[in-house]
Amino acid sequence: MAGPSCKSAVSFLLFKRTLLVSPRSEAAAARFVFSGGRLTERGALKGKRAARPAPLQVAGCYRHPVFLCFSCQESMSESLRTCYGYLNQTSRSFAAVIQALDGELRHAVCIFYLVLRALDTVEDDMSIPLDKKVPMLHNFNSYLFQPDWSFSESQEKDRQVLEDFPTISLEFQNLGKDYQDVISDICHRMGVGMAEFLEKKVVSMQEWDKYCHYVAGLVGIGLSRLFSASQLEDPEVGRDTELANSMGLFLQKTNIIRDYLEDQKEGREFWPREAWSQFTARLCDFAQPQQLDSALCCLNLLVTDALRHVPDVLTYLSRLRNQSVFNFCAIPQVMAIATLSACYNNPLVFQGVVKIRKGQAVTLMMEATNMVAVCAIISQYNQEIVQKISPTDPSREKTLKILALIHKQSLSWERLPSRTSRLSPVYLSAALLLAALSWQYLSTAMGQSANVSDVQGH
């Protein structure tokens, strides 16, 4: 194999593939639940109950996203309605989560997602020759400023975002300049990074960080800059690129770790050679039963490496003050720690896909609405990993050290008041559920009027 196809974009804090639930779970959880998790169906945390936020306070501290959705549909331009339709088709899980964001940030993130989805569609399309694909990736951000640019040669299932790119670029032009600058810059940097790894395997651990930066860290950086540009978050959120990068890396590494077998079947390799070459001559051999001990050693090494980003994740989340932004960022992160706990020292990673029950995923989503609850959840999964560590595992000491650091930081944040609005988790989950239904309504209406509903989505 010449090199890996980018496993990316959009990670979008894991928008595309990072955390997966089964189709049945997705339908039951209104298409916005991510995978990972080991809470009980009733949501009881082992040893400690996540503190629940206080009931909804004075009206006006947080606007109900469903009301915004239904009330703004009629006032939207046709092109913007089309963009939300494409969002719903290409990532139904995040149509609701994005729509629940406050104010104009909602539209900016929607367009940001679609631009990166279009870029990723070019990268994923193996029918495009490299001599054509590389220049497209390098120059993709320039197409945002070319009203008539489109690409009709893609064979990918999400090709509609390329075929109707003029609609997306039109709405991009309707965004404020601060939003445009962020989206264009991240699109360019990601395109260049994708091109670099088209024919290049991930060899060293340093290159693993670099690859994950291109396809996920940049998304975290871009989103953080959009949060600050909206003035819903402080400028420091957008300026601290190291923390934002860690948000993306943690999610992307979780994605890569859990998708070992799926990627092997598709002829792709994302586990860094520096890690797996310590235990085997070929990465594909980990799928063989006789290689299980070596496979688990490598798996645990990579999980430990991913866990080192959790302290940055906690610091990042602690700085957020807007409830909708906090939910948007926190839910994928707690799902990631839950997924890593499920994967750690688990032979099933090499036999199939590690999944969770839908009730567990919904419970995590309902609980992760403030720092106290997030820290309690992370502490729970920390303890689960501790209990799974083998006395003979080569990474044992490193794993225990990072888990101790995470536990210490979690305890410190649990003692501090959250900066986000304190809302009932039941209210928040119901709001997202209704938001999902409302966008399903919008998608259906668009299909009747614009003949786009027959396009297949994820």
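S.K.: I tried to follow the overall build of the chain on my own but got confused; where do I start?
M.R.: A count of helical and extended segments in the chain gives 21 helices and zero strands. Across the chain, the fraction of contacts at a sequence separation of at least 24, relative to all contacts at a separation of at least 6, is 81%. A total accessible area of about 17500 Å² is found for the chain, and carbon and sulfur atoms account for 52% of it.

S.K.: It is not clear to me how unusual backbone geometry should be interpreted in this structure. Could you clarify?
M.R.: In this structure, Q231 is a non-glycine residue whose phi angle is positive, near 70°. With respect to the secondary-structure elements, Q231 resides in the loop between α10 (205-229) and α11 (235-239). Since its relative accessible area comes to 64%, Q231 is described here as exposed. Unlike most non-glycine residues, N345 shows phi in positive territory, near 55°. Assignment of secondary structure puts N345 in the loop between α17 (323-343) and α18 (358-367). Look at N345 and you get partly exposed, because its relative accessible area is 25%.

S.K.: Just checking my understanding: could you explain the pattern of salt bridges for this structure?
M.R.: If the charged atoms of two oppositely charged side chains come close together, the side chains can form a pair. In total, this model carries 22 salt bridges according to the counting rule given. For K200, the salt bridge identified is with E207, shortest N-O distance 3.6 Å. Through salt bridges with shared partners, a single ionic network connects E196, K200, E207 and K210.

S.K.: What exactly am I supposed to notice about helix α9 (residues 177-196) here?
M.R.: Residues spaced three or four apart along an α-helix face the same direction, because each turn holds 3.6 residues. Over its 20 residues, α9 runs 29 Å from end to end, which matches the ideal 28 Å to within 8%, given 1.5 Å per residue. In the core, the buried residues of α9 are packed alongside α5 (105-124), α6 (130-139), α8 (165-174) and α10.

S.K.: Got a minute to help me understand α5 in this structure?
M.R.: Taking 1.5 Å per residue, 20 residues should reach 28 Å; α5 reaches 28 Å between its end C-alpha atoms and fits that length. α5 sits mainly inside the fold: 19 of its 20 residues count as buried.

S.K.: What should I look at first to understand the nonpolar core in this one?
M.R.: Nonpolar side chains in soluble globular proteins generally cluster together in the buried interior. Membership of the largest hydrophobic core comes to 129 residues, with the highest contact counts inside it found for F140, W271, F286, L307, Y316 and L317. Tallying contributions element by element places α17 first for this core, with 14 residues. Apart from the residues lying within four places of it in its own chain, the contact partners of L307 are F250, I337, L340, I385, I402, L403 and I406.

S.K.: Sorry, what's going on with the packing of α6 against α9 here?
M.R.: A pair of packed helices is captured by two measures, namely the crossing angle of their axes and the spacing between those axes. Interhelical geometry of α6 versus α9 gives an angle of 155° and a closest axis separation of 7 Å. In this view, α6 runs roughly antiparallel relative to α9, as classed from their interaxial angle. Residues V134, L137 and H138 of α6 touch α9, and the partners they reach there are H188, G191, V192, M194 and A195. Taken together, the residues of the contact of α6 with α9 break down into five nonpolar, three polar and no charged.

S.K.: Before we go on, may I ask you to explain the packing of α17 against helix α19 (residues 371-388) in this structure?
M.R.: For the pair α17 and α19, interaxial distance at closest approach is 9 Å and the crossing angle is 10°. Taken together, α17 and α19 sit at an angle that is classed as roughly parallel. When α17 is examined against α19, the residues F326, A330, V334, I337, A338, S341 and A342 are found in contact with a partner set consisting of M371, V374, I377, I378, Y381, E384, I385 and K388. Taken together, the residues of the contact of α17 with α19 break down into 12 nonpolar, one polar and two charged.

S.K.: I'm lost on the state of the cysteines in this one. Help?
M.R.: Here is the idea: a disulfide is a covalent bond, and it sits between the sulfur atoms of two cysteines. Overall, the coordinates contain zero disulfides when judged by the stated rule. Residue C297 stays outside any disulfide, its sulfur separated by 8.7 Å from that of C298, the closest cysteine. The class for C297 is buried, based on a relative accessible area of 17%. Accessibility expressed as a relative area gives 0% for C298, which makes it buried.

S.K.: Looking at this structure, how should I read the environment of R308?
M.R.: Positionally, R308 belongs in the loop between α15 (292-307) and α16 (310-318). With a relative accessible area of 38%, R308 lands in the partly exposed category. Once residues lying within four places of it in the same chain are set aside, the contact partners of R308 are D209, K253 and I402. A polar contact of 2.9 Å, which involves the side chain of R308, links it to the side chain of D305.

Calculation notes
- Once a new chain begins, its residue numbering starts again from 1 and follows that chain's sequence as written.
- Note on the predicted model: pLDDT of at least 70 is required for a residue's local features to be given, and 80 or more for side-chain atom pairs to be given and counted; whole-chain, interface and lining totals, by contrast, use all residues.
- Excluding hydrogens and water, the side-chain figures rest on all heavy atoms present in the structure.
- Counting from the N terminus, the helices are DSSP H or I runs at least four residues long and the strands are E runs at least two residues long.
- Note on definitions: a residue-residue contact is assigned when non-hydrogen atoms from the two residues lie within 4.5 Å.
- All accessible-area figures derive from a Shrake-Rupley calculation using a 1.4 Å probe, and residue coverage is judged against the displayed protein chains alone.
- Only protein chains enter the area calculation, which uses a 1.4 Å probe; residues under 20% of their type maximum are buried, those over 50% are exposed, and those in between are partly exposed.
- A carboxyl oxygen of Asp or Glu within 4 Å of a side-chain nitrogen of Lys or Arg is what we treat as a salt bridge.
- Multiplying 1.5 Å by the residue count of a helix minus one yields the expected span of that helix.
- By nonpolar core we mean a set of buried residues, namely Ala, Val, Leu, Ile, Met, Phe, Trp, Tyr and Cys, connected to one another through side-chain atoms within 4.5 Å.
- Helix axes are fitted only over the stretch in contact, all axes being lines through C-alpha atoms; the angle between N-to-C directions runs from 0 to 180 degrees.
- Roughly parallel means an angle under 35 degrees; roughly antiparallel, over 145; roughly perpendicular, 65 to 115; everything else is oblique.
- Under the convention adopted here, Pro, Cys and the residues Ala, Val, Leu, Ile, Met, Phe, Trp and Tyr are nonpolar, Asp, Glu, Lys and Arg are charged, and Gly plus all remaining residues are polar.
- For this text, the term disulfide refers to a pair of cysteine sulfurs within 2.5 Å.
- Polar contact is the term for a pair of N or O atoms within 3.5 Å; when the atoms are in protein, one must be able to donate a hydrogen and the other to accept it, and sequence-neighboring residues count only if both atoms are side-chain atoms.

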